[in-house]
Amino acid sequence: MGKQKSAAKSILIVLGILTAFLLIALLVCFFLTASYYAKHFFPGTVLNGIAVDKLTVEEAEKKVAQEVADYMLNIQTRDGETYQIIGPDIAYAYDPGTEISDILNAQENYKWITQRKGTKAVDLEVSTSFDADKLDEKVAGLPCFQKENITAPKDAYLKETDKGYELVASVDGNKLKLAKVQKLARKAVEAGENELKLTDAAYEKPNVTSDDEDLTKALANINSYLNTTIKYDVGENGEVLDNTMIKDWITVADDYSVTFDQEKVTSYVQYLASKYNTYGDVRKFKTSKGDTVEIGGGDFGWVIDKEKEKAQILSEIQSGKTIEREPIFNQKGIVKSESYDIGDTYVEIDYTNQHMYYYEKGELKLDSDVVTGNISLHNGSPDGIYKIVYKERDTTLIGEDYQSEVKYFMVFAYNVGFHDASWRSEFGEEIYKTSGSHGCINMPEKKAEKLFQMLETGTPVVAYYREPVELTAENARISNAFSYVNRSGQ
């Protein structure tokens with residue numbers, strides 16, 4: 001029994017010694033491993049996606065530097081094109097500091113047993129550097145900045161066409177702002193970003209887009225102007241002003257304000273006046289004797305008020321409507337005609353034959369011998385086409401060397417008119433050549449009375465000589481007589 005106890009005791013001693021050695025070995029192993037992880041990263045450690053498990057700081061820095069060296073920036077344009085700039089081309093490099101060693105130092109190495117499994121992702125603020133000038137150079141060298149690949153933006157504008165104006169749309173183009181993209185690229189590289197998507201802000205834009213308020217307003221105004229039509233009730237066939245002419249008057253300024261070329265509008269009004277004014281025109285007149293004479297001068301006829309007509313046109317163009325009207329006249333004829341506007345109610349004076357005729361609606365209502373202005377004393381009556389200005393009963397005609405009382409006075413030229421001449425017993429023949437009036441048309445009293453009763457103001461008066469005469473009196477000058485001759489040289 002004593003030997004068995006001794007053997008058991010020996011075994012226990014040996015087992016105790018072995019256990020002690022095992023514990024010591026385990027402790028040594030634990031501390032050695034802890035010492036190892038004091039200089040190495042735990043298994044599964046990942047720095048910014050880079051696996052650094054069991055690496056020293058130096059080894060981790062080298063691996064991070066390798067990853068940094070493989071850096072690439074992808075630049076994507078608005079059109080979907082993608083271009084790359086790689087790290088070596090811009091001297092992109094990792095600048096090691098204490099960040100990796102700080103992460104390792106913060107690692108609790110004595111907890112290596114619990115930290116052996118699983119992934120331990122750590123955000124690492126990596127310090128990098130690059131050559132900004134080289135980056136700018138690489139950006140400038142991208143295909144999207146080459147002249148042959150660039151479409152510049154184009155402004156929307158108004159284009160004149162055969163029918164008027166149309167809006168030509170703006171073009172966005174693909175022209176990038178170099179300085180803007182270089183700045184964005186530097187910012188992306190500094191942040192370590194791998195993607196740079198270029199937005200509209202990086203592109204040059206048209207100054208004037210298709211929806212520009214001023215531009216669309218100008219087009220709307222122009223379209224309104226071109227919808228305007230003025231139909232003139234003038235002449236024998238009328239006149240039409242429409243967009244075919246109005247469009248040539250339109251001027252669009254740089255700020256898209258729409259104005260009208262004043263000179264062109266003035267020219268159009270002058271065209272109307274030249275075509276339809278009959279004041280002072282030479283007309284062919286068929287006499288009561290059946291022949292035809294040519295007579296001009298006088299103050300009868302159509303006269304367009306050019307200033308008022310121009311202002312009216314400029315006002316009406318903006319209405320966008322169809323307008324029917326006469327031109328604005330200073331004075332009017334009787335018939336709307338470019339050649340013969342007297343009509344069929346008028347007074348005719350044949351100075352050569354010393355006879356007058358009054359026609360009403362083409363029917364001879366009255367005729368009479370007369371005595372007109374004294375040719376030998378340079379008081380010849382004014383010839384031309386006039387109109388009855390006013391009628392007056394029982395008045396006294398006063399001149400420099402005469403004073404005559406008359407019952408019926410019908411004025412058609414300056415101080416010249418039809419009146420009774422009770423002091424005369426004979427009329428007609430050639431009395432006027434040596435014993436004529438101071439310019440008025442002398443008539444027998446009964447004839448003058450009848451004419452006074454029938455004649456209305458505004459009635460045309462056609463007065464003519466059949467032979468050449470020279471009229472020099474003041475009333476001939478002021479009356480715009482056809483045969484007036486300026487002897488004074490003024």
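Above this text sits the structure in question.
In this text the structure is predicted, and so the values were computed from the model without any measurement.

Help me out: how do you make sense of the overall build of the protein chain in this one?
Assigned secondary structure in the protein chain consists of 12 helices and 28 strands. For the protein chain, the spread of C-alpha atoms along the three principal axes comes to 205 × 45 × 40 Å. Within the protein chain, buried positions represent 40% of all 490 residues. Here the contacts in the protein chain between residues at least 6 apart in sequence split such that 66% fall between residues at least 24 apart. Working note: accessible area of the protein chain is about 27400 Å², and carbon and sulfur atoms make up 49% of it.

Help me understand unusual backbone geometry, please; the structure alone is not making it clear to me.
Where the residue is not glycine, phi is negative for most of them; where a peptide bond is considered, it is trans in most cases. One non-glycine residue with positive phi stands out, namely N415, at about 60 degrees. Among the structural elements, N415 can be located in the loop between strand 25 (403-413) and strand 26 (416-420). In this structure, E429 is a non-glycine residue whose phi angle is positive, near 55 degrees. Mapped onto the elements, E429 comes out in the loop between strand 26 and helix 10 (431-435).

How should I be thinking about the environment of K275 in this particular structure?
Positionally, K275 belongs in helix 8 (residues 262-276). Counting along the chain gives 64 residues from K275 to S339, while the straight-line C-alpha distance between them is 9.7 Å. Once you skip the residues sitting within four places of it in the chain, K275 turns out to touch E239 and E338. Within the structure, K275 has its side chain in polar contact with the side chain of E239 (distance 3.3 Å).

I tried to follow helix 2 (residues 57-69) on my own but got confused; where do I start?
The periodicity of an α-helix, 3.6 residues per turn, causes residues three or four positions apart to be oriented the same way. Here helix 2 contains 13 residues, and its C-alpha end-to-end distance of 18 Å stays within 8% of the 18 Å for a straight helix at 1.5 Å per residue. For helix 2, the set of buried residues is V57, A60, E61, V64 and V68. End-on view of helix 2: buried residues confined to an arc of 100 degrees, all on one side of the axis. For helix 2, the exposed residues set more than 90 degrees away from the buried face come down to E58, K62 and Q66. Packing partners of the buried residues in helix 2 comprise strand 2 (50-51), strand 5 (93-94), helix 3 (99-105) and strand 7 (128-129).

Sorry, what's going on with the sheet that holds strand 28 (residues 460-464) here?
What links the strands of a sheet is backbone hydrogen bonding, and the strands pair in either a parallel or an antiparallel sense. Pairing is mixed across the open sheet formed by 5 strands, whose spatial order is 22-21-20-28-23. Each edge of the open sheet carries a strand with a single partner, namely strand 22 (363-369) and strand 23 (384-387). Recorded for the sheet is a direction-independent mean angle of 20 degrees between the axes of neighbouring strands. As paired strands, strand 21 (residues 355-360) and strand 22 are joined by 6 bridges and run antiparallel to one another. Residue pairing for strand 22: Y359 is matched across the bridge by L364. Across the sheet, helix 11 (residues 445-454) lies against strand 21 and strand 22, angled at about 145 degrees from strand 22, the strand it touches most.

Would you take a moment to explain the layout of surface pockets for this structure?
A probe matching the size of a water molecule, rolled over the atoms, marks out where space remains unfilled. For the largest pocket, the calculated volume is near 420 Å³. Along its surface, the largest pocket is lined by 21 residues, and Y402, Y414, N415, H438 and N475 are the ones closest to its centre. Sorting elements by how many residues they give to the lining of the largest pocket places strand 25 first, with 4 residues. By volume, the second largest pocket is sized at about 340 Å³. Along the wall of the second largest pocket there are 13 residues; nearest its centre are V68, Y92, V126, T128 and G192. When residues in the lining of the second largest pocket are grouped by element, the largest group, 3 residues, is from helix 2.

Sorry, what's going on with helix 5 (residues 178-190) here?
Here helix 5 spans 18 Å end to end across 13 residues, near enough to the 18 Å set by a 1.5 Å rise per residue. Restricting attention to buried positions, one finds in helix 5 the residues V181, Q182, A185, A188 and V189. Projection of helix 5 onto a plane perpendicular to its axis shows the buried side chains occupying an angular sector of 125 degrees, all on one side. The exposed residues of helix 5 that point more than 90 degrees off its buried face are A179, K183, K187 and E190. Close packing links the buried residues of helix 5 with strand 3 (72-76), helix 4 (132-140) and strand 10 (195-197). Just beyond helix 5, the residue with positive phi is G192, at close to 70 degrees.

Would you explain the nonpolar core in this entry?
Side chains that are nonpolar tend, in soluble globular proteins, to be buried together. Within the largest apolar cluster, 35 residues are counted, with the highest numbers of intra-cluster contacts made by F41, L73, I100, L176 and L198. Counting only elements with at least two residues in this core, the list comes to helix 2, strand 3, strand 4 (82-86), helix 3, helix 4 and helix 5. If sequence neighbours within four positions are ignored, L73 has contacts with Y83, Q84, I85, A185, A188, V189, E193, N194, E195 and L196. Within the second largest apolar cluster, 31 residues are counted, among which are Y225, I230, Y256 and W302.

When you look at empty space enclosed by the protein in this model, what are you seeing that I'm missing?
Per the stated rule, a full pass over the model turns up 1 cavity of 30 Å³ or more. Counted as a void, the largest cavity has a volume near 40 Å³.

I tried to follow the pattern of salt bridges on my own but got confused; where do I start?
Note on pairing: side chains with opposite charge can pair once their charged atoms come close. Under the criterion given, the structure shown has 19 salt bridges. Two residues, E474 and R477, come together in a salt bridge whose shortest N-O distance is 2.5 Å. Taken together, the residues span about one helical turn, with E474 and R477 both in helix 12 (residues 474-478) at a distance of 3 residues. By relative accessible area, E474 is classed as partly exposed at 44%. You can call R477 partly exposed: its relative accessible area is 42%.

Just checking my understanding: could you explain the pairing of strand 20 (residues 346-350) for this structure?
With 5 of its 5 residues buried, strand 20 lies for the most part within the structure. Of the two faces of strand 20, the one holding Y346, E348 and D350 and the one holding V347 and I349 are both buried throughout. Across 5 bridges, the pairing between strand 20 and strand 21 is antiparallel. Each bridged residue has a counterpart across the sheet, and for D350 the counterpart in strand 21 is H355. Between the antiparallel neighbours strand 20 and strand 21 lie 4 residues, among them Q354 with a positive phi of about 50 degrees.

Rules and cut-offs
Residues numbered from 1 in each chain as written. Predicted model: local features only at pLDDT ≥ 70, side-chain atom pairs only at ≥ 80, totals over all residues. Heavy atoms only, no water. Helix = DSSP H or I, 4+ residues; strand = E, 2+ residues; numbered from the N terminus. Buried < 20%, exposed > 50% of the residue type's maximum accessible area, 1.4 Å probe, protein only. Contact = heavy atoms within 4.5 Å. Areas by Shrake-Rupley, 256 points an atom, 1.4 Å probe, with all protein chains shown as cover. Polar contact = N/O pair within 3.5 Å; in protein donor to acceptor, adjacent residues only side chain to side chain. Expected span 1.5 Å × (residues − 1). Arc of directions from axis to C-beta. Pairing = 2+ DSSP bridges. Axes fitted to C-alpha atoms, helices over the stretch in contact; angles between N-to-C directions. 1 Å grid on protein atoms, 1.4 Å probe; cavity = no way out; pocket = protein on both sides within 12 Å on 5 of 7 lines; lining within 4 Å. Points joined across faces, edges and corners; volume = space filled by probe spheres on them. Core = buried A, V, L, I, M, F, W, Y, C linked by side-chain atoms within 4.5 Å. Salt bridge = Lys/Arg side-chain N within 4 Å of Asp/Glu carboxyl O.

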